[in-house]
Amino acid sequence: MLVEKNAPLQNANSFGIAARAHTLVRLREEGDVSRAVAELRLDRTPFFVLGGGSNVVLTGDVKPVVLKMEIKGLRLLEATPRAWIVEAGAGELWHDLVAWTLAQGWPGLENLALIPGTVGAAPVQNIGAYGVELQDRFHSLTAVDGLTGQAFELDAAQCAFGYRDSVFKHAAPVAGEGAGEGAHGQRGMGLAGRAVITRVRLALPRAWRPALEYLDLQKKCHETGIAQPDARQIFDWVCAIRSAKLPDPAVLGNAGSFFKNPTVTAEQCRDIIAREPRIVHYPMADGSIKLAAGWLIDACGWRGKTVGRAGVYEKQALVLVNRGDRHSERRSVTGGEVMTLARAIQTSVYERFGIQLEPEPVVV
Ligand code: EPU
């Protein structure tokens, strides 16, 4: 466990926002987490877990203790007749895990290639892309309770996964309002600001089938004439699609999709289609309709626009980017500028479509 004071965070967040952590603790092994809980009295001190920093907007110096997750390790835990169960340290890069499993001959994560960030952050927002979500491959995870220092395990049901959502995004109830010891992860009980994920286990089914429902992948099948791609081929396609559409955070700071795709009722959707016949929409299994937030923002004329040093990416309006110098402390975008732009976008989408967009990254 390594404790740093007044630690710079500019290289630790993918937007490249210049901010400092009053206290930053590097967690290299599971024991470090319980040690940090005891030594820094995390039961009474707010803390914030930072993985790859690819889904956060820092709006100033961070006063809560920053726990920088750096626990490594990739291993096959078990080969059952139905699946390979692999385990990864929360501090591993997600893409490295995807590439490693494919190199071992265990397909299943290829649609999730090139998603920035760490393994530990993946369950928090139930990462998803090109028709597959983390929850489709999730087995279980180990976390340490920031109040007690005790390790515990959660299965998929206890993680309460939703679209870009999980139990880790919801605040714990105030003490005395139910949910006592041992109630970890029950639906309705939030673990935000409490659980520190240390290891994640995935089940990669031996009965692998390609997930090709997503339009961009169908186009690739069509263009190449490959109707039955293997996992390696899908991995290459997903990497190519992402690289063409999404900015590389090492070059142009960003936090991926800035808003969630909103869901509306079939009736609301009919009203909108009557006014906007070209609106991109996807019917969901539960009868609701998901709208493409990128399309809504684009339709409001935001694509390619810049306000201060915050901008809307020219190839995908759902991504806000750092138009300042991401390597300079003084010339980089600020979290305030990003949030000002985000609010302006929310207002215009609301005024035109009556839809409230919800930010996807965690705002600190
Ligand atoms: N669109 C526009 N204009 C734009 C952007 C998009 O018209 O400026 C249209 C596209 O033409 C398309 C539709 O909107 O018809 C959807 O766009 P896209 O296929 O790029 O996907 P998305 O819904 O915008 C989601 C995820 C991405 C994920 C992709 C691929 C969310 C919030 N975002 O984006 O995830 O990579 O699907 O599966 O669900 C992330 O979460 O950071 C992320 C990048």
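Bear in mind the structure is a predicted one, so any value in this text is a computation, not a measurement.

1. Regarding helix H8 (residues 335-353)
- For H8, spanning 19 residues, the distance from its first C-alpha to its last is 26 Å, which sits close to the expected 27 Å at 1.5 Å a residue.
- Taken together, the buried positions of H8 are occupied by Gly-335, Glu-337, Val-338, Met-339, Leu-341, Ala-342, Ile-345, Gln-346, Ser-348, Val-349 and Phe-353.
- Where H8 ends, the next residue or the one after it, Gly-354, has phi of about 70 degrees, a positive value.

2. Things to note about the site of the ligand
- As a matter of local geometry, the ligand sits amid 23 residues, with Tyr-130, Tyr-163, Tyr-214, Asp-298 and Ala-317 nearest to it.
- Between the ligand and the protein, one listed contact pairs an oxygen atom with a backbone N or O atom of Tyr-130 at 2.7 Å.
- Contact with the protein chains hides 82% of the accessible area of the ligand, taken as 830 Å² for the molecule alone.
- Listing elements by their share of the shell around the ligand, those giving two or more residues are helix H5 (231-245), strand E13 (254-257) and helix H7 (293-299).
- Element by element, the count of residues in the shell around the ligand is highest for H7, at three residues.
- Residues belonging to the shell around the ligand are distributed by class as follows: 12 nonpolar, five polar and six charged.

3. A few points about the pairing of strand E7 (residues 83-89)
- Extensive coverage of E7 is indicated by the burial of seven of its seven residues.
- The two faces of E7 match: Ala-83, Ile-85, Glu-87 and Gly-89 on one face and Trp-84, Val-86 and Ala-88 on the other face are all buried.
- Bridging between strand E6 (residues 74-79) and E7 involves five bridges; their strand directions are antiparallel. The residue bridging Leu-76 from the neighbouring strand is Val-86, located in E7.
- The hairpin turn running from E6 into E7, its antiparallel successor, is three residues long.
- Pairing of E7 with strand E12 (residues 195-205) involves seven bridges; the strand directions are antiparallel. Following the sheet pairing, Glu-87 is matched in E12 by Arg-201.

4. A closer look at the confidence of the model for the protein
- Averaged over every residue, the pLDDT of the protein is 94; the share at 70 or more is 96%.
- Here residues 178-187 scores under 50 on pLDDT; set against residues more than four positions off or in separate chains, the count is 19 contacts.

5. Observations regarding the packing of aromatic side chains
- Applying the stated criterion across every chain yields a total of seven aromatic pairs.
- For the pair Phe-258 and Phe-259, a centre-to-centre distance of 5.2 Å together with 70 degrees between the ring planes defines the contact as edge-to-face. An identical accessibility class is assigned to Phe-258 and Phe-259; each is buried.
- Considering the side-chain rings of Trp-295 and Phe-353, the 6.2 Å spacing of their centres and the 55 degrees angle between planes classify their relative orientation as tilted.

The rules behind each value
- Within each chain, residue numbers correspond to sequence positions counted from 1 in written order.
- For a predicted model such as this one, the threshold for reporting local features is a pLDDT of at least 70, and the threshold for listing and counting side-chain atom pairs is 80 or more; totals across whole chains, interfaces and linings nevertheless cover every residue.
- Water and hydrogen atoms were dropped before computing side-chain values, which therefore reflect all heavy atoms in the structure.
- Secondary structure follows DSSP: runs of H or I at least 4 residues long count as helices, runs of E at least 2 residues long count as strands, and numbering of each begins at the N terminus.
- To estimate how far a helix should reach, multiply one less than its number of residues by 1.5 Å.
- Note on exposure labels: buried denotes an accessible area under 20% of the residue type's maximum, exposed denotes more than 50%, and partly exposed covers the range between, all computed with a 1.4 Å probe on protein chains only.
- The nearness test applies per residue and asks whether one of its heavy atoms lies within 4 Å of the molecule or strand.
- Distance and chemistry together define a polar contact, namely a pair of N or O atoms within 3.5 Å, with one atom able to donate a hydrogen and the other to accept it when in protein, and with adjacent residues in sequence counting only for side-chain atoms on both sides.
- Only the protein chains shown count as covering a residue, and every accessible area follows the Shrake-Rupley method with a 1.4 Å probe.
- Each residue is assigned to one of three groups, with Ala, Val, Leu, Ile, Met, Phe, Trp, Tyr, Cys and Pro labelled nonpolar, Asp, Glu, Lys and Arg labelled charged, and all others, Gly among them, labelled polar.
- Think of it this way: DSSP has to see at least two bridges between two strands before they count as a pair.
- The pLDDT score gives, residue by residue, the confidence of the prediction method on a 0 to 100 scale.
- In this analysis, two residues are considered to be in contact whenever any of their non-hydrogen atoms come within 4.5 Å of each other.
- For this analysis, a ring pair means two rings from Phe, Tyr or Trp (six-membered ring only for Trp) whose centres lie within 6.5 Å, classed as stacked if their planes differ by under 30 degrees, edge-to-face if by over 60, and tilted for the remaining angles.

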